[in-house]
Amino acid sequence: MSKQIQVSGLDAYYGSHKAIEDVSMTIEPRSITAFIGPSGCGKSTFLRTLNRMHEVIPGARVEGKVLLDGEDLYAPTVEPVSVRRSIGMVFQRPNPFPTMSIYENVAAGLRLNRGRIARSELDGIVETSLKGANLWNEVKDRLSKPGAGLSGGQQQRLCIARAIAVQPEVLLMDEPCSALDPISTLAIEDLMAKLKDQYTIVIVTHNMQQAARVSDRTAFFNLAAQGQPGKVIEMDETSRMFTNPTQKATEDYITGRFG
Ligand SMILES: Nc1ncnc2c1ncn2[C@@H]1O[C@H](COP(=O)(O)OP(=O)(O)O)[C@@H](O)[C@H]1O
Ligand SMILES: [Mg+2]
C-alpha cells in the first residue's frame, strides 16, 4: 500500500504571496519523514500540497510537480477527492466528529467513499482500524459512546483510526502531538513506528527530540526573512542531520539557537 512521493520544483501561493519556493524532495515508502523548521516557514503549506488540500483555500495555488509512485497528482484528469482518499491527513488538534460515536467516527470516511456497506464488513474494518491505531482495547466496550468523550490522546488515535480505515497509501500528520501530554505523545510515536511498516508517513513537528526519535529522514525548512518564501535548506537521514548537518542554519536550528 505504501507509495513513494516525488516532488520537484514546487511553489505554493496564497494569492500573490509565495509561501514556499522550489521544493524538491523524494519521500520514501515504509518510512517516516519529518519536516522541521521555525514557525511560518511553510511546513503545513507544503504538507497540504501533497494531498491537494492547499487549493481548497480561496486564491491558493501550486506550481511544480508531485508524483505518487510516478503518477502526477496535479494532472488535469486526477480528482482531488481521490487524492485525499489515498493520502490521508491527521491534524494538530484532534478533530473527531463531535456528535458521532466512536464507531461512526471510524466508519465516516468509508461511508462517504463507498456508500452502503454491509454491517458485518463495516464492523470488521472498524475493529481492524482501531486495533491498527492502538485504541481497540480502550474503546471496544463503548463503541457507541461519543468520540468527543475520549481523552485528547485517545481522540488523536481515533483520528488516526479514521484516517487508516479508508486504506490510504500515505499518512500526513501536521504536529499530531502538539496538543497532547507526554504519555499520549509517546503512544502516538509508538503507533507511528508501527504504522510505517505499511504506510508512507510524513510528520511536521516542532519537537526536535520527536523528530530524532521517530523519523528516518528529516527535511529542514527555513525562510530568509519574514515575508520571504520558505525553502528546504537541507534534507538527509535523520541520524546524520542531527549529528552532522552540512548547513549552519540547520545546526543553529537543531541546537535551539533560533525558532
Ligand atoms: N490560509 C492562509 N492564507 C494566507 N496565508 C497563509 C495561510 N496559511 C498560511 N499562510 C502563510 O503561509 C506562510 C507559511 O505558513 P505555514 O505553512 O502555516 O507555516 P508553518 O506550518 O511552517 O508554521 C506564512 O507566511 C503564513 O502566514
Ligand atoms: Mg504549521
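Note that the structure is predicted; figures quoted are calculated from it, not measured.

(A) Quick look at the pairing of strand β1 (residues 5–14). Bridge count between β1 and strand β2 (residues 17–27): seven bridges; the pairing is antiparallel. For Y14, the partnering residue across the bridge sits in β2 and is H17. Where β1 folds back onto β2 in an antiparallel hairpin, the turn is made up of two residues, including G15, whose phi is positive at roughly 60 degrees. Direction of pairing for β1 relative to strand β4 (residues 60–68): antiparallel, over a ladder of eight bridges. Bridge pairing in β4 places Q6 opposite L67.

(B) Focus on the pairing of strand β7 (residues 170–174). Within β7, four of the five residues are buried, which leaves the element mostly enclosed by the surrounding structure. Bridge count for strand β6 (residues 87–90) against β7 is four bridges, and the pairing is parallel. From the neighbouring strand, G88 faces β7, where its bridge partner is L171. Taken together, the five bridges between β7 and strand β8 (residues 200–204) define a ladder with parallel strand orientation. By the bridge assignment for β8, L172 is matched with V202. Read from β7 through helix α7 (residues 182–195) to β8, the crossover connection turns out right-handed.

(C) Geometry of the UniProt feature "domain: ABC transporter" (unreviewed entry) in the chain. In this numbering, the UniProt entry assigns the feature "domain: ABC transporter" (unreviewed entry) to residues 5–248. Across residues 5–248, the secondary structure splits into 36% helix and 27% strand, with the terminal C-alpha atoms separated by 28 Å.

(D) Just helix α6 (residues 152–165), in detail. In a regular helix each residue adds 1.5 Å, so 14 residues correspond to 20 Å; α6 covers 20 Å between its end C-alpha atoms and thus fits that length. Counting buried positions along α6 gives 13 out of 14 residues, so the element sits mostly inside the fold. A positive backbone phi angle near 55 degrees is found at Q167, which sits one or two residues after α6.

(E) Region of interest: the site of ligand 1. Every residue near ligand 1 is listed here: Y14, A19, S39, G40, C41, G42, K43, S44, T45 and I57. Among the elements that line the shell around ligand 1, the one with the most residues is helix α1 (residues 43–49), at three residues. Residues that form the shell around ligand 1 fall into these classes: four nonpolar, five polar and one charged.

(F) How the structure looks around the environment of Y13. Secondary-structure assignment places Y13 in strand β1. Taking C-alpha positions, Y13 is 41 Å from W136, a pair spaced 123 residues apart along the chain. In this view, Y13 contacts K18, A19, A60 and R61; residues no more than four positions away in its chain are not counted.

(G) Looking closely at the nonpolar core. If you look at the biggest cluster of nonpolar residues, it comprises 62 residues, and the most contacted ones within it are A161, L171, L172, I201 and V202. Looking at this core, the element that brings in the most residues is α6, giving seven residues. Apart from the residues within four sequence positions on either side, L171 is in contact with G88, V90, A163, L195, Y199 and I201.

(H) The arrangement of unusual backbone geometry in detail. Even without a glycine there, the phi angle at R52 is positive, about 60 degrees. Within the element layout of this structure, R52 appears in the loop between α1 and β4.

Calculation rules
Residues numbered from 1 in each chain as written. Chains lettered and ligands numbered in written order. Predicted model: local features only at pLDDT ≥ 70, side-chain atom pairs only at ≥ 80, totals over all residues. Pairing = 2+ DSSP bridges. Helix = DSSP H or I, 4+ residues; strand = E, 2+ residues; numbered from the N terminus. Buried ≥ 20, exposed ≤ 12 C-beta atoms within 10 Å, placed from the backbone. Right-handed = clockwise from strand over helix to strand, strands pointing away. UniProt positions renumbered as here; feature names shortened; annotations may be inferred. Expected span 1.5 Å × (residues − 1). Near = placed C-beta within 6 Å. Nonpolar A, V, L, I, M, F, W, Y, C, P; charged D, E, K, R; others polar. Contact = placed C-beta atoms within 7 Å. Core = buried A, V, L, I, M, F, W, Y, C linked by C-beta atoms within 7 Å.

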